[in-house]
Amino acid sequence: KAGVTQTPRYLIKTRGQQVTLSCSPISGHRSVSWYQQTPGQGLQFLFEYFSETQRNKGNFPGRFSGRQFSNSRSEMNVSTLELGDSALYLCASSWGSGNAGELFFGEGSRLTVL
Amino acid sequence: KNQVEQSPQSLIILEGKNCTLQCNYTVSPFSNLRWYKQDTGRGPVSLTIMTFSENTKSNGRYTATLDADTKQSSLHITASQLSDSASYICVVGMIAGNNRKLIWGLGTSLAVNP
């Protein structure tokens, strides 16, 4: 059974640009959650999608957005990038709600903003 | 305020030795407590998930304990191996009505030296 796949693994952008990250969950999983991880901050919850609907949202500005498709694949977008957006972005999938069931994480997309 | 605090922040041990990591939380209402292992640059991997009624759970050389009365958990690693070098993150789930959240600790960084 394939795990959670995130693309791209690494990317470099400049301030003001936008970026789109992709996450393919484990087959059969309907929930996809996104996290931002920076040194010293731990994992910060961005949002969770379940059956194409945003179920929960963290405390991030509107520049951070996401969506989920009918095949459960999810994308997150960050517009008008800032230096502080440099981080490891992690996607996690679960069969039910990510906050109740076991989370399976991808390897992450490491974003560097110059 | 819902918080998860882990100690120590970092730890160095010799291969073959045992160690115990601590997690104290002030999350309420409590739903579950999880321990994750995160290798550098990779996504977290679930070690254990415990509910209110469970006070110990093992996964190979990893044993987690939970004291819901004192709101403390520990992760004990037996006969450490070099591959145990990683960050160990304690996560507490809460459910309040329709609101489900995971509260993440900052992790304990463990280095196992030969």
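Residues numbered from 1 in each chain as written. Chains lettered and ligands numbered in written order. Predicted model: local features only at pLDDT ≥ 70, side-chain atom pairs only at ≥ 80, totals over all residues. Heavy atoms only, no water.

Visitor: Honestly, the sheet that holds strand E3 (residues 19-24) of chain A in this entry has me stumped. Any pointers?
Guide: Backbone hydrogen bonds are what pair the strands of a sheet, in a parallel or an antiparallel way. Residue and element names in this part refer to chain A. In space, the four strands of this open sheet follow the order E1-E3-E8-E7, with antiparallel pairing throughout. Both outer strands of the open sheet, strand E1 (5-7) and strand E7 (64-68), are each paired with one neighbouring strand and no more. Neighbour to neighbour, the strand axes of the sheet diverge by 15° on average, direction disregarded. Where E7 lies against strand E8 (residues 74-78), five bridges are found, and the strand directions are antiparallel. In the sheet register, Arg-67 faces E8, and the bridge partner there is Glu-75. (Pairing = 2+ DSSP bridges. Helix = DSSP H or I, 4+ residues; strand = E, 2+ residues; numbered from the N terminus. Axes fitted to C-alpha atoms, helices over the stretch in contact; angles between N-to-C directions.)

Visitor: Would you mind going over unusual backbone geometry with me for this structure?
Guide: Negative phi characterises most residues that are not glycine, and trans characterises most peptide bonds. Here the amide bond leading from Thr-7 of chain A into Pro-8 of chain A is cis, since omega sits at -10°, within 30 degrees of zero. Note on placement: Pro-8 of chain A falls in the loop between E1 and strand E2 (10-13). Omega for the peptide link from Ser-7 of chain B to Pro-8 of chain B comes to -10°, which places this bond in the cis form. Structurally, the position occupied by Pro-8 of chain B is in the loop between strand E1 (4-7) and strand E2 (10-14). Positive phi is not limited to glycine here, since Thr-80 of chain A has a value of about 45°. With respect to the secondary-structure elements, Thr-80 of chain A resides in the loop between E8 and strand E9 (87-94). Since its relative accessible area comes to 47%, Thr-80 of chain A is described here as partly exposed. (Buried < 20%, exposed > 50% of the residue type's maximum accessible area, 1.4 Å probe, protein only.)

Visitor: Could you clarify how one ought to interpret the pattern of salt bridges in this entry?
Guide: For side chains of opposite charge, pairing can occur when their charged atoms come near one another. Residue and element names in this part refer to chain A. A full pass over the atoms with the stated rule returns seven salt bridges over all chains. One salt bridge in this structure joins Arg-67 and Glu-75, with 3.2 Å as the shortest N-O distance. For Glu-75, the salt bridge is made with Arg-73, and the minimal N-O distance between the two is 3.3 Å. Since its relative accessible area comes to 16%, Glu-75 is described here as buried. Because the salt bridges share partners, they merge into one network encompassing Arg-63, Glu-82 and Asp-85. (Salt bridge = Lys/Arg side-chain N within 4 Å of Asp/Glu carboxyl O.)

Spatial relationships are all this shows, so hold off on functional conclusions.
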